[in-house]
Amino acid sequence: MPDQQKSPEQTGLSRRSLVRTAAHAAWAVPAVQVAASVPAYAAASDQLTITSATGEWTPANNRRMDGSITVRNDSPDDTTVNLQVTLTFPNIYVWDANAGGGAGANRTLAITQVTGGWTAGTVTYSGTGTGRTATVVFTATAQIAPTATRTLGFRAQSSGTQANGSPAAINVTASSTGFVSGSGTLVPAP
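It should be emphasised that the depicted structure is a prediction, and the values quoted were computed from it without experimental measurement.

The rules behind each value
- Residues numbered from 1 in each chain as written.
- Predicted model: local features only at pLDDT ≥ 70, side-chain atom pairs only at ≥ 80, totals over all residues.
- Heavy atoms only, no water.
- Helix = DSSP H or I, 4+ residues; strand = E, 2+ residues; numbered from the N terminus.
- Buried < 20%, exposed > 50% of the residue type's maximum accessible area, 1.4 Å probe, protein only.
- Contact = heavy atoms within 4.5 Å.
- Areas by Shrake-Rupley, 256 points an atom, 1.4 Å probe, with all protein chains shown as cover.
- Polar contact = N/O pair within 3.5 Å; in protein donor to acceptor, adjacent residues only side chain to side chain.
- Pairing = 2+ DSSP bridges.
- Core = buried A, V, L, I, M, F, W, Y, C linked by side-chain atoms within 4.5 Å.
- Phe/Tyr/Trp six-rings, centres within 6.5 Å; stacked < 30°, edge-to-face > 60°.
- Salt bridge = Lys/Arg side-chain N within 4 Å of Asp/Glu carboxyl O.
- Axes fitted to C-alpha atoms, helices over the stretch in contact; angles between N-to-C directions.

Q: Help me out: how do you make sense of the overall build of the protein in this one?
A: Counting its regular elements, the protein contains two helices and 10 strands. Traced from its N-terminal end to its C-terminal end, the protein shows the element sequence α-α-β-β-β-β-β-β-β-β-β-β. A buried classification covers 27% of the 190 residues belonging to the protein. Here the analysis covers contacts within the protein between residues at least 6 apart in sequence; of these, 68% occur between residues at least 24 apart. For the protein, the exposed surface amounts to about 10,800 Å²; the carbon and sulfur share of it is 54%.

What follows is the structure, given as structure tokens:
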């Protein structure tokens, strides 16, 4: 007996319901995958802003900069976690162009007079010559509440002489776990 095709009424499944079911199934899987990949703490409003970055460079015999950086927590709900401010000093602060080049031209930075509520990490150096930079990470001992600010004050003392002219911009980045980092520059007044 030859096989006969059955009508949709006999199978209980119409072509239309098959296409509709397949379309729903195709959309269901990606929606679950997308929802699972978004971190629970990634709120768009959890952002840090550098609201003020000022400093005064005293060249001559003092070779120091007194600086102040204010960070604002823009989140309406979340307190910062592991708040840090990173400063990257360009070569003018850590290399002496008039010292004849080489390792003898390298200068060091000492970070002192850090305001309460912050600690300074070890200064690290990278690059050589005119590409030499110094980086220091300050860690907050107390976090910033929602919509509040915290100010970091410090002194950066350079060894050697100020031979490279006017002070240059220092890169500033504020970061906290689960927050969008804020960045800016500190240009010390001469």
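Q: Teacher, can you tell me more about the side chain of R155 here?
A: Mapped onto the secondary structure, R155 falls in strand β8 (residues 149-158). A relative accessible area of 15% places R155 in the buried class. Among the polar contacts listed, one links the side chain of R155 to the side chain of D66, at a separation of 2.6 Å. Those residues in contact with R155 that lie beyond four places of it in its chain are R64, M65, D66, A110, I111, T112 and Q113.

Q: What am I meant to see in the pairing of strand β2 (residues 64-73) here?
A: Both faces of the sheet carry side chains from a regular strand, because those side chains alternate between them. Bridging between strand β1 (residues 48-58) and β2 involves 10 bridges; their strand directions are antiparallel. Considered in β2, the bridge of T58 is made with R64.

Q: Looking at this structure, how should I read unusual backbone geometry?
A: Only a minority of non-glycine residues have a phi that is not negative, and only a minority of peptide bonds are not trans. With phi around 50°, Q113 is a residue other than glycine that occupies positive phi space. Among the secondary structure elements, Q113 is positioned in the loop between β4 (109-112) and β5 (118-120).

Q: What is the right way to read the nonpolar core from this model?
A: Nonpolar side chains tend to gather and get buried jointly when the protein is soluble and globular. In this structure, I69, V85, L87, F89 and F154 are the most contacted members of the largest nonpolar core, which totals 30 residues. Secondary structure elements with two or more residues in this core: β1, β2, β3 (84-89), β4, β7 (133-140), β8 and β9 (170-175). Here the element with the most residues in this core is β7; it accounts for four residues.

Q: Is there a simple way to think about the environment of A174 in this case?
A: Along the chain, A174 falls in strand β9. Taking the relative accessible area as the measure of exposure, A174 reaches 0% and is therefore buried. Placed 88 residues apart in sequence, A174 and T86 show a C-alpha to C-alpha distance of 6.5 Å.

Q: Just to check I follow, could you spell out the packing of aromatic side chains for this structure?
A: Geometrically, a pair of aromatic rings is defined through the distance of the ring centres and the angle of the planes. Tallied over the entire structure, the rule returns three aromatic pairs. Geometrically, the ring pair formed by W57 and Y93 is edge-to-face, given 5.1 Å between the ring centres and 80° between the ring planes. One end of the pair, W57, is in strand β1; the other, Y93, is in the loop between β3 and β4, with 36 residues separating them in the sequence. Given the relative accessible area of 2%, W57 is considered buried. Where F138 meets F154, the ring centres are 5.4 Å apart and the plane angle is 40°; that geometry is what we call tilted. In this pair, F138 sits in strand β7 while F154 sits in strand β8, placing the two residues 16 residues apart along the sequence.

Q: Looking at this structure, I do not really get the pattern of salt bridges. What am I missing?
A: Summed over the entire model, instances satisfying the criterion amount to three salt bridges. R155 is paired through a salt bridge with D66; the nearest N and O atoms lie 2.6 Å apart. With R155 in strand β8 and D66 in strand β2, this pair connects stretches of sequence that are 89 residues apart. D66 gets classed as partly exposed once you look at its relative accessible area, which sits at 28%. Each of the salt bridges in this network shares a partner with another, and the network as a whole consists of R64, D66 and R155.

Q: Explain the sheet that holds β4 here, please?
A: Picture the strands of a sheet paired through backbone hydrogen bonds; they go either parallel or antiparallel. As summarised here, the arrangement of the four strands in space is β1-β2-β8-β4, forming an open sheet in which the pairing is antiparallel. For this open sheet the edge positions go to β1 and β4, each flanked by a neighbour on one side alone. Across this sheet, the average inter-strand angle for adjacent strands is 25°, counted without regard to direction. As defined by bridge partners, β4 adjoins β8 across four bridges and the pair is classed as antiparallel. For I111, the partnering residue across the bridge sits in β8 and is A156.

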